[in-house]
Amino acid sequence: MTTRRRVPRSATLIAGCVLAGLVLAVAVLSFFWLPYAPDDTSGDRLMPPGLPHLLGTDKLGRDLLTQLMIGARVALEAGAGSVLIGGLLGLAGGLAAGFATRWLDDTISALLDILIAFPTVLLAMLVTAAREASLGSAVIAIGLAMSAIVARLTRVLVKRVLGQDFITASRTSGTSWPRIILEHVLPNIWPTLSVNLALQFGLAVLAEASLSYLGLGAPPPNASWGRMLQEAQASVFIAPAGVIAPGVLLVVLVVGVNLIADGVRDVADPTRRRTR
Amino acid sequence: MTLLAVAGLHVRSPEGRDLVSDVSFTLDAGERLGLIGESGSGKSMTALAIMGLTPPGMTVSGSVVFDAPGPGRTEVVGAAERRLTSLRGRVTSVVFQEPLTALDPLMRVGRQVAEPLRRRRGLRGRALDAAVTAALEEVRLADPERIARAYPHEISGGQRQRVAIAMALACDPALLIADEPTTALDVTVQADVLTLLDGLVKERGMALLFISHDLAVVSRIAERVIVLKNGTAVESGSVDEVVNAPRHPYTRDLVGSARRLDSVLDSLLDGRTP
Amino acid sequence: MTVYLLRRTAFLVVSLFLAAVVLFLLLRLLPGDPANALLSVGASPEQVAAARHQIGTDRPLPVQFVSWLGEMSRLDLGTSFVSTLPVGPEIAARLVVTVPLTLLAFLLAVVIAVPVGFVAAYRAGTWYGSVLSALSQLGIAVPVFWVGMLLITVFSLHLGMLPAGGFPQDDWANPGDALTSLTLPVVTIALVMSASLIRYVRSATLDVLGSDYLRTARALGSSFIGAMWRHGLRNAVVPVVSILGIELATTFLGAVVVESVFALPGLGGMLVKGFAQHDYPVIQGILVVSTFAVLLIGFAADLVQRLIDPRLRRSLGGNLSGDGA
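Please read these numbers as outputs of a predicted model, since none were measured by experiment.

1. What to know about the overall build of chain A
Moving on, step 1. Looking only at helices and strands, chain A has nine helices and zero strands in total.
Moving on, step 2. Reading chain A from its N end, one meets helices and strands in the order α-α-α-α-α-α-α-α-α.
Moving on, step 3. Taking all contacts inside chain A whose residues are at least 6 apart in sequence as the whole, residues at least 24 apart take part in 69%.
Moving on, step 4. Summing over all exposed atoms, chain A offers an accessible surface of approximately 13,000 Å²; the carbon and sulfur share of this is 66%.

2. Focus: the overall build of chain B
Moving on, step 1. Secondary structure assignment for chain B yields eleven helices and ten strands.
Moving on, step 2. A compact globule built from 274 residues would reach a C-alpha radius of gyration of about 19 Å, and chain B, at 19 Å, matches this within 12%.
Moving on, step 3. With respect to the principal axes defined by its C-alpha atoms, chain B has extents near 60 × 55 × 35 Å.
Moving on, step 4. Looking at chain B as a whole, 53% of its 274 residues qualify as buried.

3. Here's the deal with the pattern of salt bridges
Residue and element names in this part refer to chain A.
Moving on, step 1. Following the criterion strictly, the structure yields 22 salt bridges over all chains and no others.
Moving on, step 2. One salt bridge connects Asp105 with Lys159, and the closest N-O pair in it is separated by 3.2 Å. Of the two residues, Asp105 is situated in helix α3 (residues 102–117) and Lys159 in helix α5 (residues 135–162); the sequence distance between them amounts to 54 residues.
Moving on, step 3. Residue Lys159 is classed as partly exposed on the basis of its relative accessible area of 31%.

4. Structural notes on empty space enclosed by the protein
It is the rolling of a water-molecule-sized probe over the atoms that shows where space remains empty.
Moving on, step 1. In the structure shown here, the tally under the stated rule is three cavities of 30 Å³ or more.
Moving on, step 2. One number sums up the size of the largest cavity: a volume of about 100 Å³.
Moving on, step 3. Lining the largest cavity are 13 residues, with Asp58(A), Leu64(A), Met228(A), Ala232(A) and Gly242(A) positioned closest to its centre.
Moving on, step 4. Of all the secondary structure elements, the ones that give two or more residues to the lining of the largest cavity are α2 (64–99), α8 (225–232) and α9 (241–268) of chain A.
Moving on, step 5. Top contributing element to the lining of the largest cavity by residue count: α8(A), with three residues.
Moving on, step 6. Here the lining of the largest cavity is built from residues that sort into six nonpolar, four polar and three charged.
Moving on, step 7. Space inside the second largest cavity adds up to approximately 80 Å³.
Moving on, step 8. If you trace the second largest cavity, you find it lined by Ala102(B), Asp104(B), Gln112(B), Glu115(B), Pro116(B), Arg119(B), Met167(B), Tyr213(C), Thr216(C), Ala217(C), Leu220(C) and His231(C).
Moving on, step 9. Secondary-structure elements contributing two or more residues to the lining of the second largest cavity are α4 (109–121) of chain B together with α8 (212–219) of chain C.

5. Re the nonpolar core
Moving on, step 1. Of all hydrophobic cores here, the largest spans 111 residues; its most connected members are Val185(A), Trp225(A), Leu253(A), Trp68(C) and Phe145(C).
Moving on, step 2. For this core, the element with the most residues is helix α7 (residues 177–213) of chain A, which contributes 13 residues.
Moving on, step 3. In this structure, Leu141(B), Ala178(B), Val239(B) and Val243(B) belong to the second largest nonpolar core, which totals 55 residues.

6. Points about the side chain of Asp104(B)
Moving on, step 1. Inspection of the secondary structure puts Asp104(B) in the loop between α3 (99–102) and α4.
Moving on, step 2. One buried charge, Asp104(B), has no salt-bridge partner; the nearest side chain with opposite charge is Arg234(C), at 5.5 Å.
Moving on, step 3. Within the structure, Asp104(B) has its side chain in polar contact with the backbone nitrogen of Leu106(B) (distance 2.9 Å).
Moving on, step 4. A polar contact is formed between the side chain of Asp104(B) and the side chain of Asn235(C), at a distance of 2.8 Å.
Moving on, step 5. When residues no more than four places from it in sequence are discounted, the contact partners of Asp104(B) are Gln112(B), Pro152(B), Tyr213(C), Arg230(C), His231(C) and Asn235(C).

7. Focus: helix α9 (residues 224–261) of chain C
Moving on, step 1. Here α9(C) spans only 46 Å end to end across 38 residues, well under the 56 Å set by a 1.5 Å rise per residue.
Moving on, step 2. Maximum bend of α9(C): about 45°, positioned at Gly232(C).

8. As for the sheet that holds strand β3 (residues 32–36) of chain B
Residues and elements named next belong to chain B.
Moving on, step 1. Spatially, β6-β7-β8-β3-β9-β10 is the arrangement adopted by the six strands of the open sheet, whose pairing is mixed. Pairing within the sheet leaves two strands with one partner each, and these edge strands are β6 (92–95) and β10 (232–238). Shown here is a sheet whose adjacent strand axes are inclined to one another by a mean of 15°, direction ignored.
Moving on, step 2. Along the sheet, helix α1 (residues 43–51) contacts β3, β6, β7 (175–179), β8 (207–212) and β9 (224–229); its crossing angle with β8, the most-contacted strand, is approximately 145°.

9. Brief notes about the interface of chain C and chain A
Moving on, step 1. Each side of the interface is counted separately: chain C has 45 residues, and chain A has 39 residues.
Moving on, step 2. Summing both partners gives a buried area of about 3,800 Å² for chain C against chain A, and 78% of it is carried by carbon and sulfur.
Moving on, step 3. Taken as a group, Phe145(C), Trp146(C) and Phe275(C) account for 16% of the area that chain C buries against chain A, more than any other trio of residues on that side.
Moving on, step 4. Taken together, chain C and chain A are joined by one salt bridge.
Moving on, step 5. Where chain C packs against chain A, one counts two residue pairs in polar contact (both at pLDDT 80 or more).
Moving on, step 6. For the side of chain C that touches chain A, the secondary structure elements donating two or more residues are α1 (2–29), α5 (127–139), α6 (144–158), α7 (175–209), α9, α10 (267–276) and α11 (280–308) of chain C.

10. Observations regarding the sheet that holds strand β4 (residues 59–68) of chain B
Residues and elements named next belong to chain B.
Moving on, step 1. Reading across the sheet, the four strands line up as β2-β1-β4-β5 and stay open at both edges, with antiparallel pairing between neighbours. The two strands at the open ends of the sheet, each matched to only one other strand, are β2 (18–28) and β5 (72–75). Each strand of the sheet is rotated relative to its neighbour by a mean of 5°, with strand direction disregarded.
Moving on, step 2. Sheet topology note: the strand β1 (residues 2–12)/β2 ladder contains seven bridges and is antiparallel. Each bridged residue has a counterpart across the sheet, and for Val6 the counterpart in β2 is Phe25.
Moving on, step 3. On top of the sheet, α1 reaches β1, β2 and β4; it is set at about 115° to β1, its chief contact.

11. Some words on α5(C)
Residue and element names in this part refer to chain C.
Moving on, step 1. An ideal rise of 1.5 Å per residue puts 18 Å on 13 residues; α5 measures up with 18 Å between its terminal C-alpha atoms.
Moving on, step 2. Every buried residue of α5 is listed here: Gly129, Leu132, Ser133, Ser136, Gln137 and Gly139. Down the axis of α5, the sector holding all buried residues measures 165°, keeping them to one side. Seen from the open side of α5, the exposed residues pointing more than 90 degrees away from its buried face are Trp127 and Leu135.

12. A few points about the packing of helix α4 (residues 87–122) of chain C against α7(C)
Residue and element names in this part refer to chain C.
Moving on, step 1. For the pair α4 and α7, interaxial distance at closest approach is 5 Å and the crossing angle is 35°. Like other packed secondary-structure pairs, α4 and α7 cross with a definite hand, here right-handed.
Moving on, step 2. Here the residues of the contact of α4 with α7 are counted per class, giving 28 nonpolar, three polar and one charged.

13. Concerning the pairing of β8(B)
When a strand is regular, its side chains alternate between the sheet's two faces.
Residue and element names in this part refer to chain B.
Moving on, step 1. Across the six residues that make up β8, a large majority, six, are buried.
Moving on, step 2. Alternating positions in β8 separate into two faces, Ala207, Leu209 and Ile211 on one and Leu208, Phe210 and Ser212 on the other, with burial throughout.
Moving on, step 3. Of the strand pairs in this sheet, β7 and β8 are connected by five bridges, and their pairing is parallel. Counterpart to Ile177 in the pairing with β8 is Leu209.
Moving on, step 4. Of the crossover connections in this fold, the one passing from β7 over helix α8 (residues 187–204) to the parallel β8 is right-handed.

14. Section: the confidence of the model for chain A
Moving on, step 1. Here chain A averages 81 in pLDDT, while 88% of its residues score no lower than 70.
Moving on, step 2. Mean pLDDT per element in chain A: helix α4 (residues 120–130) of chain A is the minimum at 67, and α2(A) is the maximum at 90.

Criteria and thresholds
- Residues numbered from 1 in each chain as written.
- Chains lettered and ligands numbered in written order.
- Predicted model: local features only at pLDDT ≥ 70, side-chain atom pairs only at ≥ 80, totals over all residues.
- Heavy atoms only, no water.
- Helix = DSSP H or I, 4+ residues; strand = E, 2+ residues; numbered from the N terminus.
- Contact = heavy atoms within 4.5 Å.
- Areas by Shrake-Rupley, 256 points an atom, 1.4 Å probe, with all protein chains shown as cover.
- Rg over C-alpha atoms; globule rule 2.2 N^0.38 Å.
- Buried < 20%, exposed > 50% of the residue type's maximum accessible area, 1.4 Å probe, protein only.
- Salt bridge = Lys/Arg side-chain N within 4 Å of Asp/Glu carboxyl O.
- 1 Å grid on protein atoms, 1.4 Å probe; cavity = no way out; pocket = protein on both sides within 12 Å on 5 of 7 lines; lining within 4 Å.
- Points joined across faces, edges and corners; volume = space filled by probe spheres on them.
- Nonpolar A, V, L, I, M, F, W, Y, C, P; charged D, E, K, R; others polar.
- Core = buried A, V, L, I, M, F, W, Y, C linked by side-chain atoms within 4.5 Å.
- Lys, Arg positive; Asp, Glu negative; His and termini not counted.
- Polar contact = N/O pair within 3.5 Å; in protein donor to acceptor, adjacent residues only side chain to side chain.
- Expected span 1.5 Å × (residues − 1).
- Bend = angle between axes of the 7 residues up to and from the residue.
- Pairing = 2+ DSSP bridges.
- Axes fitted to C-alpha atoms, helices over the stretch in contact; angles between N-to-C directions.
- Buried area = accessible area lost by both parts, 1.4 Å probe.
- Arc of directions from axis to C-beta.
- Left-handed = near helix turned anticlockwise from the far one by under 90°.
- Right-handed = clockwise from strand over helix to strand, strands pointing away.
- pLDDT = per-residue confidence, 0-100.

See the structure below:
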């Protein structure tokens with residue numbers, strides 16, 4: 001007998017997918033087609049939206065739409081890269097701490113608390129200052145900072161799972177630790193962890209934007225929405241599109257990802273009180 | 001004298017499901033009525049509807065009328081919150097199933113018992129403290145001063161439920177509603193708390209609405225019984241009638257299983273007795 | 001309680017020490033010779049050696065660390081490579097801008113978040129409850145510097161009501177002027193911070209509204225407001241206090257970024273400049289100060305939580321339930 005659980009539809013999840021998907025589509029498209037070359041500064045400076053530049057130009061004469069599309073790439077890369085690094089490192093660290101004996105566990109926890117006390121942006125600034133400012137540096141930095149938070153959450157989740165009876169039952173029936181981790185621990189922590197990682201994705205995108213705004217992110221012609229905002233700030237009156245568009249896109253992407261996270265949480269555990 | 005008259009009580013969930021359908025019964029002053037049903041039968045929701053405390057989103061229709069000395073005749077369904085607030089405590093009070101969550105975790109137990117005492121009897125200071133101690137003694141709690149200073153998580157489940165009973169009695173209500181009061185307790189403790197409840201209710205001549213899924217427990221403490229299934233009352237009558245001559249198939253099943261359990265226990269005991 | 005205090009203080013001291021170690025190592029592990037910051041391109045090896053000696057990076061690492069610790073304990077945060085001025089006093093001067101900015105923003109955020117979060121929870125099923133929830137969803141997705149830019153555009157450039165940036169030369173000598181300069185930055189940070197606070201307040205309030213103890217209080221005759229006041233308030237505060245420490249630290253971070261938007265002479269501006277110029281003493285000094293501040297805030301938040309929630313105190317007396325039912 002097979003039971004198929006009817007997956008409840010979540011408006012939140014759908015909305016999130018639409019919003020994030022929009023940005024993803026733009027990013028993917030940018031690999032195949034761009035209105036202008038990324039470093040083409042042939043246009044008149046600070047033109048308003050119209051033809052031939054659909055959204056106008058920036059202060060160096062680059063086509064705004066092109067820059068925005070490349071920026072979508074950058075934002076998604078920043079988010080994905082950071083989550084990959086932060087997630088893997090954090091998972092490893094958290095698993096280690098979760099299984100560790102009291103003394104080792106306390107030490108790791110203390111280290112984690114300190115790392116978390118290191119404000120993300122400051123840590124990121126440190127790393128980017130060490131290596132030359134680039135998207136890679138930003139991603140590594142944000143990923144490192146994120147790993148501490150992920151590790152702390154993972155540790156709590158792992159401890160909770162390990163304290164449950166079915167683990168003891170598994171052990172007494174002779175299952176090895178690696179198998180327990182794979183078959184019991186990971187599947188049980190994954191729902192909560194994945195939602196958290198999705199939220200971290202949005203935070204990473206915002207962190208990268210902040211870094212770029214402060215001049216510590218990817219240098220031109222690598223367009224980051226944050227850097228675009230910094231460049232457009234001085235000329236907001238003449239060309240408001242430059243200030244509005246990147247910001248709106250950032251919000252769209254982050255809201256989209258957050259809604260996906262919330263939607264996944266709803267779908268995975270519909271018994272939760274509807275806190276929408 | 002009829003204390004409570006429920007007619008055609010209907011509770012619908014926000015999703016449109018009927019949790020309680022067309023339930024009607026009356027309760028006289030000092031009478032003990034049992035409400036039996038499995039989970040999802042709507043028995044707890046009935047109790048909440050009687051007090052006007054259904055969760056937000058629930059639609060309640062029908063009629064629930066209290067006739068008590070003091071507030072007089074009050075219709076609960078559709079009544080204003082202020083009216084209901086004055087009704088609760090004075091006329092009805094409750095003992096809920098899970099004492100750990102039913103008590104404020106951040107407040108000392110004594111203060112929580114003092115709250116209804118202060119409201120009902122207008123006591124303050126030293127007199128209030130003495131009343132709290134007396135209330136805790138009444139529910140057979142040893143060392144009431146220490147218990148009063150404790151927080152809910154620092155005392156046992158049985159002690160917590162006794163505190164909850166003390167709080168409910170402090171209101172000096174005409175009707176005590178007990179919603180599965182012993183279900184969350186250890187088996188060894190259940191009998192004690194039940195006996196306590198039984199005695200106190202008899203002593204004060206209160207009406208009792210006892211809700212449970214356990215037929216054996218209900219039959220010991222109630223005079224009349226209503227059986228609920230899926231929100232409707234399928235049978236009602238005196239305990240004697242329902243237990244010995246059940247009419248509805250569901251009731252028959254209930255009684256049957258209870259009897260079977262009893263006989264298994266009996267034969268085990270017989271086997272042990274030399 | 002005293003046992004806990006001692007243990008937690010010891011933990012704090014250890015954390016501070018470990019943080020110092022981590023900071024020290026991080027900075028030393030950065031590729032690139034700090035000495036280079038003092039020299040121009042094409043310096044001779046003798047000049048490089050002399051520069052290294054001047055900063056002290058030619059000594060063995062443990063020696064450097066110990067002397068650095070010594071300096072820290074005397075509150076000597078070194079001297080800037082660029083300005084050759086001591087870092088400590090400069091930081092102190094800038095704190096005069098950053099600390100009020102952070103605290104005011106945090107206060108405003110709390111003032112906004114508590115009532116809004118409560119209403120969002122209380123009216124959770126209604127349209128405006130959902131609207132408030134959606135707004136907070138938006139608020140946590142928006143980059144704080146972008147909000148700053150937008151506010152400048154509207155209130156400074158369009159309406160001319162408030163300055164677009166800068167801070168009075170004489171700091172707080174004229175409090176009115178200083179506050180005017182801080183108004184937009186404070187509002188910027190507060191708007192973004194309140195979004196996440198609203199979600200916490202809403203969640204805590206929803207928990208209280210659906211709680212059994214609230215139901216018990218009302219069932220025993222308490223009015224809704226009375227029950228919320230006596231029981232709901234304290235219970236709702238507990239989960240929110242637990243994140244207040246983190247939120248305060250995040251507010252400080254927001255301040256760092258926002259100071260760039262509004263050209264405020266605060267810690268943030270100093271840090272960004274320090275990074276751009278590879279001015280290691282400045283970077284180090286600010287990071288030490290901010291990390292220590294965050295750890296201290298965490299300690300204080302922990303303490304407050306313990307004071308409010310009796311369940312967190314592992315009372316040495318233990319349970320009183322020895323006598324069973």
